[in-house]
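So you can see what is in the structure, the chains are spelled out below.
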Amino acid sequence: MKKVLVATDKPFAPVAVQQIRKIVEDAGYELLLLEKYAEKSDLLNAVENADAMIIRSDVADKEVIEAGKNLKIIVRAGAGYDNIDLEAATANGVVAMNTPGQNSNAVAELALGMMVYSARNFFNGTSGKELRGKSLGIHAFGNVGKYVAEIAKGFGMKIFAFDPFVSEGEMVKFGVTAMASEAELYSKCQYVSLHIPATEKTKKSIGFELLSKMPKNAVLVNTARKEVIDEQGLLKMFAEREDFKYLSDIEPACKAEIEANFPGRYFFTPKKMGAQTSEANVNAGLAAAKQIVAFFEKGDITFKVNK
Ligand code: 3PG
């Protein structure tokens, strides 16, 4: 009997686990559940007998992949797969997949939620600002960026986007004005919302040079990955631009320095919370389980991300 391990340090909502279990058991497989594990060794032990594994931001590095002696497929229930060592997966004959789009609305809602929270001075009792009429730059117009555009339209924001992989026509359909470069986007927009993946190219790519182009009362919203930020540049921006605020779904490495020096100008979720809704858990978790069954039963590799 095939064994499907759900290894989630940050557990799915119980309703999602129940439904994943049903899909797995209906296919005649066994579900193994490892949640909130304290040590990497717990994951190494759990993956030992698994034929398939569903993860979230859990790290599937070479050691984990090699520990999975029977492992054939890893599905990242979510969008970003920077937590999977793709080369190690390929070298060990393991298919790696993601579930694109399934948790995007949840992430987009958090991006706008953090913007409202900051515009209202973190509800500290003073008069804040509104989002209506303000400029929003969407940096990368993928699944999350599109939901951000739809929601921001409801707020009456002026919306711009930069994404070299998406046509201007596609952006226009969402009521978004296409920008020709990152520099143009940052120069134009008071709010910039990041939706770029963490790749060798994008890591540390958002620094002082781009941020300093932003207009007065600049707000950077990061629901992507902390690794895309050049934190030295971020600290310089905080120091040189008293009007700048940073809102991030996950604490930056330089959190202590920001807290000590720039009070009232930041908000960080303690854990990555963008996709942490039961709807997103159900959407991404069920998609992952279905993809595993389709892979074993029909050889379906539609969402494969490794070579
Ligand atoms: C993603 O890449 O899908 C998001 O960052 C969500 O990550 P999570 O599943 O760890 O919440």
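(A) Layout of the sheet that holds strand β4 (residues 73-76). The five strands lie next to each other as β2-β1-β3-β4-β5, forming an open sheet whose pairing is parallel. Taken across any chain shown, the strands that pair with only one partner, and hence form the sheet edges, are β2 (30-35) and β5 (95-98). Adjacent strand axes in the sheet meet at a mean angle of 15 degrees when their direction is disregarded. Note that strand β1 (residues 3-8) and strand β3 (residues 52-55) share four bridges and pair parallel.

(B) Layout of the layout of surface pockets. The computed volume of the second largest pocket comes to approximately 630 Å³. Ser57, Asp58, Val59, Asn83 and Ile250 are, among the 26 residues lining the second largest pocket, the residues nearest its centre. Across the lining of the second largest pocket, the residue classes break down as eight nonpolar, three polar and 15 charged.

(C) Spotlight on the packing of aromatic side chains. What the rule picks out here adds up to ten aromatic pairs. Between Tyr117 and Phe123 the ring centres are 5.3 Å apart and the planes differ by 55 degrees, which places this aromatic pair in the tilted class. Site record: aromatic cluster; members linked through ring pairs are Tyr117, Phe122, Phe123 and Phe267. When the ring centre of Phe296 is taken as reference, the NZ or CZ atom of Lys2 above it lies at 5.0 Å. Cation over ring: Lys236 sits above Phe208, and NZ or CZ is 4.2 Å from the ring centre.

(D) Local environment of the site of the ligand. The ligand sits among Lys10, Arg56, Ser57, Arg76, Gly78, Ala79, Gly80, Asn103, Arg225, Lys272 and Ala275. Within the side chain of Ser57, an N or O atom sits 2.4 Å from an oxygen atom of the ligand. Note that an oxygen atom of the ligand is positioned 2.8 Å from one of the backbone N or O atoms of Gly80. Out of a free accessible area of 320 Å², the ligand has 95% covered by protein chains. Across the shell around the ligand, the residue classes break down as two nonpolar, four polar and five charged.

Calculation criteria
- Here the residue numbering is sequential within each chain, running from 1 through the sequence in written order.
- Under the rules for a predicted model, residues below a pLDDT of 70 receive no local features and side-chain atom pairs below 80 are neither given nor counted, while totals for whole chains, interfaces and linings still include all residues.
- Side-chain calculation: all heavy atoms of the structure are included, whereas hydrogens and water are not.
- Being paired, for any two strands, means DSSP has found at least two bridges between them.
- Secondary structure is summarised from DSSP: a helix means a run of H or I of at least four residues, a strand means a run of E of at least two, and numbering begins at the N terminus for each.
- Only C-alpha atoms enter the line fits that serve as axes; for helices the fit covers just the stretch in contact. Angles between N-to-C directions range over 0 to 180 degrees.
- Lining residues are those with an atom within 4 Å of a point, where the points come from a 1 Å grid over the protein atoms alone and group into cavities, where a 1.4 Å probe fits but cannot get out, or pockets, open sets with protein on both sides within 12 Å along at least five of seven lines.
- Grid points are joined across faces, edges and corners, and a volume is the space filled by probe spheres set on the points.
- Residues were grouped as follows: Ala, Val, Leu, Ile, Met, Phe, Trp, Tyr, Cys and Pro as nonpolar; Asp, Glu, Lys and Arg as charged; and all remaining residues, including Gly, as polar.
- For Phe, Tyr and Trp, rings pair up if their centres lie within 6.5 Å, where Trp contributes its six-membered ring, and each pair is then called stacked (planes under 30 degrees apart), edge-to-face (over 60) or tilted (otherwise).
- Any Lys NZ or Arg CZ found within 6 Å of a ring centre and within 35 degrees of that ring's normal is scored as a charge over the ring.
- The rule for a residue being near a molecule or strand is that one of its heavy atoms must lie within 4 Å of it.
- Polar contact is defined as a pair of N or O atoms within 3.5 Å, subject to the rule that within protein one atom must be able to donate a hydrogen and the other to accept it, and that residues adjacent in sequence are counted only when both atoms are side-chain atoms.
- Under the convention used here, a 1.4 Å probe and the Shrake-Rupley method define accessible areas, while residue burial counts only the protein chains that appear.

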